[in-house]
Amino acid sequence: MDPIKELAEVAMDHGISMHVDAALGGFILPFARKLGYDIPQFDFAVEGVTSINLDTHKYGYAPKGSSVILYRDPELFSYQVYTVGDWTGGIYFTPTTLGSKPGFTIAATWAAMLYLGEEGYMKITKEILETGKYIVNETRKISELKILGDPLWIIAISSDSINPYVIMDYMAQRNWHLIGLINPPGFHIALTYRHTLPGVKESFINDLRESIKDAIEKGQPTTGMAPIYGATAFLPKDQLDLILKYVIDWLYNPWE
């Protein structure tokens, strides 16, 4: 976690608002604290935090595209609202960037939250964090790997002796979808409720060991993301941004 309390103090010193992006942790951290985990304050309990967003479509288990933004002061919400009172098509107003949104997403989000309730979220959080503890502890027993930071359920892994992107590619061949990291090179897994199913966490560690073995004995596989991540780690940011813009332009170009 970022040092929310310290950042909020800086914001107050400068008389500016402080927004907290709790998209990923908003539906985990409060329940983790109730379970006894030492979770720093990150919400409106911190003086100076003026707004928070959290994604219900992640650990709220609602449909993709649903999210929540909260304000300490109702006045702040008023600046989000867009209104047109003299439009030729009639009166128009919207509280969001999107002019229209499907009602299904809102209804399904509400249904998911009512179905799970606090008890359900507590149960899921407990099992996810216990799975995270197992994976962290077992990964630390693997001499070729190192855990970055002190994670709970979003676990970043690197290596000083083996190209971590090569390990990630061999894990992909074993059907593990991991996300590459740079600065430092590595990869991470964001544990979800499905990872808590019987045998999954053990399979992850076993496949990790086998992928390391493949990386040592076979070297870089013929396909995978290792070359791409390896190159981007050394490219200047402006050049990388330009390349990515060209990629987007190519993907959306209807004439090619």
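The following paragraphs examine the structure supplied in this document. (Residues numbered from 1 in each chain as written. Predicted model: local features only at pLDDT ≥ 70, side-chain atom pairs only at ≥ 80, totals over all residues. Heavy atoms only, no water.)

**Topic: the pairing of strand 7 (residues 154-158)**
Part 1 of the argument: Strand 7 sits mainly inside the fold: four of its five residues count as buried.
Part 2 of the argument: Relative to strand 7, strand 6 (residues 146-147) runs antiparallel, the two sharing two bridges. Paired with Ile147 across the bridge in strand 7 is Ile157.
Part 3 of the argument: Linking strand 6 to strand 7, which pair antiparallel, is a turn of six residues; within it Gly149 sits at a positive phi near 75 degrees.
Part 4 of the argument: Two elements, strand 7 and strand 9 (residues 186-190), share four bridges in a ladder whose sense is antiparallel. What sits directly across from Ile154, in strand 9, is Ala190. (Buried < 20%, exposed > 50% of the residue type's maximum accessible area, 1.4 Å probe, protein only. Helix = DSSP H or I, 4+ residues; strand = E, 2+ residues; numbered from the N terminus. Pairing = 2+ DSSP bridges.)

**Regarding the side chain of Thr105**
Part 1 of the argument: Mapped onto the secondary structure, Thr105 falls in helix 4 (residues 103-139).
Part 2 of the argument: We classify Thr105 as buried; its relative accessible area is 13%.
Part 3 of the argument: Beyond its immediate sequence surroundings of up to four residues, Thr105 is in contact with Pro63, Lys64, Gly65 and Ser66. (Contact = heavy atoms within 4.5 Å.)

**As for the packing of aromatic side chains**
Part 1 of the argument: In total, this model carries seven aromatic pairs according to the counting rule given.
Part 2 of the argument: Look at Phe31 and Tyr121: their rings are 5.5 Å apart centre to centre, the planes differ by 15 degrees, and that puts the pair in the stacked class. With Phe31 in helix 2 (residues 29-34) and Tyr121 in helix 4, this pair connects stretches of sequence that are 90 residues apart.
Part 3 of the argument: Phe31 sits in the buried class, given a relative accessible area of 12%.
Part 4 of the argument: When the centroid spacing of 5.0 Å and the interplanar angle of 85 degrees are considered together, the rings of Trp176 and Phe204 count as edge-to-face. Taken together, the residues span a long stretch of sequence, with Trp176 in the loop between helix 5 (164-173) and strand 8 (179-181) and Phe204 in helix 6 (residues 200-218) at a distance of 28 residues. As far as burial versus exposure is concerned, Trp176 and Phe204 are alike and both buried.
Part 5 of the argument: Three or more aromatic residues link up through ring pairs in this structure, and these residues are Phe27, Phe31 and Tyr121.
Part 6 of the argument: For Lys201, the ring lying beneath its charged end belongs to Tyr134, and the centroid distance is 5.4 Å. (Phe/Tyr/Trp six-rings, centres within 6.5 Å; stacked < 30°, edge-to-face > 60°. Lys NZ or Arg CZ within 6 Å of the ring centre and 35° of its normal.)

**A word on the sheet that holds strand 7**
Part 1 of the argument: Here four strands make up an open sheet; going across it, the order is 6-7-9-8 and the pairing antiparallel. Here the strands that pair on one side only, and so sit at the sheet edges, are strand 6 and strand 8.
Part 2 of the argument: As judged from the three bridges shared by strand 8 and strand 9, these two strands associate in the antiparallel manner. Each residue of the ladder has a partner; that of Leu181, found in strand 9, is Gly186.
Part 3 of the argument: The sheet contacts of helix 5 involve strand 8 and strand 9, and relative to strand 9 the element is tilted by about 40 degrees. (Axes fitted to C-alpha atoms, helices over the stretch in contact; angles between N-to-C directions.)

**Examining the nonpolar core**
Part 1 of the argument: The biggest cluster of nonpolar side chains holds 48 residues, and the ones touching the most others in it are Ile167, Phe204 and Leu208.
Part 2 of the argument: Secondary structure elements with two or more residues in this core: helix 1 (4-13), helix 2, strand 2 (51-54), helix 4, strand 7, helix 5, strand 9 and helix 6.
Part 3 of the argument: Element by element, the count of residues in this core is highest for helix 4, at seven residues.
Part 4 of the argument: Setting aside residues up to four positions removed in sequence, Phe204 forms contacts with Ile135, Met171, Trp176, Leu178 and Ile189. (Core = buried A, V, L, I, M, F, W, Y, C linked by side-chain atoms within 4.5 Å.)

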